[in-house]
Amino acid sequence: GGQYVKNHGCDECPQNTYSTGVTSCTDCPSTQTSPEGSTKCYEKLYDVIIKTAEKNNARTGGTFTVKITGDKGSDTVSVAGIERDEEKTLYLIKDIGLPSCVTVYNGGENGVQLSWVKVSHGSYTTTTFPFPDYWIEDHDGDSPELGNCRAKCPPRYGKDGKLCKPCGVNTYNSQDTASACTDCLSTQTSPEGSTSCRNVTCTGGQYVKNHGCDECPQNTYSTGVTSCTDCPSTQTSPGGSTSCTNVTCASGEKVENHGCINCPANTSSPGGNSTKCERCQGNEKSHEGAGFCATLNCTDGEAAYNHTCNVRPYNTFAKSGDTNCTKCPSTKVSNLKASKCEGSVTL
């Protein structure tokens, strides 16, 4: 296979032909190509057009290899016998992705001067790699003599070293002259190889965070917008909520910071959604966390004020249940804890 009968022997089928071992080679269809000695034809995935220098004294006739590198890999074509100011079209059959870099390797008996190499792929706009009259000298071996990579990348791609590679997730490039992809805003996102970003859309109970959606924390809510809203201090919510609900406290508690706390001593609260603890009257008292105030039970000679029973001072009196001591008339006196004034003052 890949040969044909010639002069009592076999020879390789030339480029763009093939054979399966018969006496002659068959031409490939116009949309296909093949290297020398092929047993089948391949789709022309890339056109590689090589142009030599125009000036009269340009070196020609050299044999060299052109390596085209893309973001998926690389492939090579060999060139021989090209003349001055000539274009020669060859084809790549390997999918290398976006062509990004061309490297020329010397070889053969003569040097050559190139003007440019163009690479095109389907509807992809031709990529031109200019080599202004670059001289490729004849040297032994196949060390690279010339490399020319894109300084800028087309839309959807950005520079990665010497290559143009697809923009990563949450980045984009919409220009044909950009050297790098641009990050999307934190409230936006994009798939790989994008020319733009789109706003992140979250469901209720979520908010936008780092190009995606995250659950709203406790005591906040959202209806699917970019941020979460704090609940009022008298309301609460679990994580991932779309609304807040009133805090309901037990008797003796008040609402504070989305929860319930005990009322202090000598105050009271009926509970529910109340935000205040009501202070007891002076003749009342209560323990911490009480739902009501209790009246002080003071004895005669004691006055109920400041939430406790207090002994009456000299020359005052009070009945059981009084909240204040009454001063005796100027003509009478009383002892401590007196419930009335007695006697008279002797002048």
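Model, not experiment: these values are computed from the prediction.

Attention now goes to the overall build of the protein. Looking only at helices and strands, the protein has zero helices and 36 strands in total. Out of the 347 residues belonging to the protein, those deemed buried represent 35%. Taking as baseline every contact in the protein between residues at least 6 positions apart, the subset at least 24 positions apart corresponds to 36%.

Inspection of every chain in the model, using the stated rule, returns five salt bridges. The closest approach of N and O atoms between Lys-209 and Asp-214, which form a salt bridge, is 3.6 Å. Accessibility expressed as a relative area gives 30% for Asp-214, which makes it partly exposed. Glu-256 is the partner of Lys-254 in a salt bridge, and the nearest nitrogen-oxygen pair spans 3.5 Å.

Below, the discussion takes up the packing of aromatic side chains. The final tally for this structure, using the stated rule, is zero aromatic pairs. A cation over an aromatic ring shows up here: Lys-118 above the ring of Trp-116, its NZ or CZ 4.5 Å from the ring centre.

Quick look at the nonpolar core now. One broad trend across soluble globular proteins is that nonpolar side chains are buried collectively. In terms of nonpolar packing, the biggest core is built from 18 residues, with Ile-50, Phe-64, Val-66 and Ile-68 touching the most fellow members. Put simply, the parts of the chain that give this core at least two residues each are strand E7 (46–52), strand E8 (64–70), strand E9 (74–79), strand E10 (87–92), strand E11 (99–105) and strand E12 (112–121). Not counting residues up to four positions away in its chain, the partners in contact with Val-66 are Ile-50, Asp-75, Thr-76, Val-77, Val-102, Thr-103 and Val-104.

This paragraph deals with the environment of Gln-188. Here Gln-188 is to be found in strand E19 (residues 188–189). Between the alpha carbons of Gln-188 and Arg-198 there is a distance of 5.3 Å; along the sequence they are ten residues apart. Once you skip the residues sitting within four places of it in the chain, Gln-188 turns out to touch Asn-170, Cys-197, Arg-198, Asn-199, Val-200 and His-211.

With that settled, consider the state of the cysteines. Two cysteines, two sulfur atoms, one covalent bond between them: this is a disulfide. Inspection of every chain in the model, using the stated rule, returns ten disulfides. Residue Cys-202 pairs covalently with Cys-213 via a disulfide, S to S 2.1 Å. Measuring handedness by torsion sign, the sulfur bridge of Cys-202 and Cys-213 sits at about -100 degrees and is left-handed. Of this pair, Cys-202 sits in the loop between strand E20 (198–199) and strand E21 (206–209) while Cys-213 sits in strand E22 (residues 212–215), placing them eleven residues apart in sequence. Of the residues examined, Cys-202 reaches a relative accessible area of 7% and is grouped as buried. For Cys-213, a relative accessible area of 35% translates into the label partly exposed. Between Cys-249 and Cys-260 runs a disulfide, and the two sulfur atoms are separated by 2.1 Å. Taking the torsion about the S-S bond as the criterion, the Cys-249 to Cys-260 disulfide, at about -95 degrees, is left-handed.

Attention shifts here to the pairing of E22. Strand direction decides the pairing type here: E21 and E22, joined by four bridges, are antiparallel. When the bridges of E22 are listed, Gln-206 appears paired with Glu-215. Here E21 folds back onto E22 in antiparallel fashion, the turn holding two residues, of which Asn-210 has a positive phi close to 50 degrees.

All right, on to the confidence of the model for the protein then. Residues of the protein with pLDDT of at least 70 account for 78%, and the chain-wide mean is 81. Predicted confidence in the protein is weakest over strand E14 (residues 144–149), with a mean pLDDT of 51, and strongest over strand E23 (residues 220–221), with 95. Here residues 133–145 scores under 50 on pLDDT; set against residues more than four positions off or in separate chains, the count is 40 contacts.

Looking now at unusual backbone geometry. With a phi close to 50 degrees, Asn-257 is a non-glycine residue in the positive phi region. Although it is not a glycine, Asn-266 sits at a positive phi angle of roughly 65 degrees. In this fold, Asn-266 is placed in the loop between strand E28 (259–262) and strand E29 (267–268).

A few words on the side chain of Ser-19. Within the secondary structure, Ser-19 sits in the loop between strand E3 (17–18) and strand E4 (26–27). In this structure Ser-19 comes out as buried when scored by relative accessible area, which is 1%. If we skip the residues at most four places from it in the chain, Ser-19 touches Gly-1, Gly-2, Gln-3, Cys-13, Ser-24, Cys-25, Ser-38 and Thr-39.

Attention shifts here to the side chain of Thr-52. Relative to the helices and strands, Thr-52 resides in strand E7. In this structure the side chain of Thr-52 is engaged in a polar contact, spanning 2.9 Å, whose partner is the backbone nitrogen of Asp-85. A polar contact of 2.9 Å, which involves the side chain of Thr-52, links it to the backbone nitrogen of Glu-86.

Turning our eyes to something else, we now look at the environment of Gly-224. Checked against the element boundaries, Gly-224 lands in the loop between E23 and strand E24 (229–230). For the pair Gly-224 and Gly-205, spaced 19 residues apart in sequence, the C-alpha to C-alpha distance is 6.4 Å. Here Gly-224 is in contact with Cys-202, Thr-203, Gly-204 and Gln-206, once residues within four sequence places are set aside.

The rules behind each value
- Residues numbered from 1 in each chain as written.
- Predicted model: local features only at pLDDT ≥ 70, side-chain atom pairs only at ≥ 80, totals over all residues.
- Heavy atoms only, no water.
- Helix = DSSP H or I, 4+ residues; strand = E, 2+ residues; numbered from the N terminus.
- Buried < 20%, exposed > 50% of the residue type's maximum accessible area, 1.4 Å probe, protein only.
- Contact = heavy atoms within 4.5 Å.
- Salt bridge = Lys/Arg side-chain N within 4 Å of Asp/Glu carboxyl O.
- Phe/Tyr/Trp six-rings, centres within 6.5 Å; stacked < 30°, edge-to-face > 60°.
- Lys NZ or Arg CZ within 6 Å of the ring centre and 35° of its normal.
- Core = buried A, V, L, I, M, F, W, Y, C linked by side-chain atoms within 4.5 Å.
- Disulfide = S-S within 2.5 Å.
- Pairing = 2+ DSSP bridges.
- pLDDT = per-residue confidence, 0-100.
- Polar contact = N/O pair within 3.5 Å; in protein donor to acceptor, adjacent residues only side chain to side chain.

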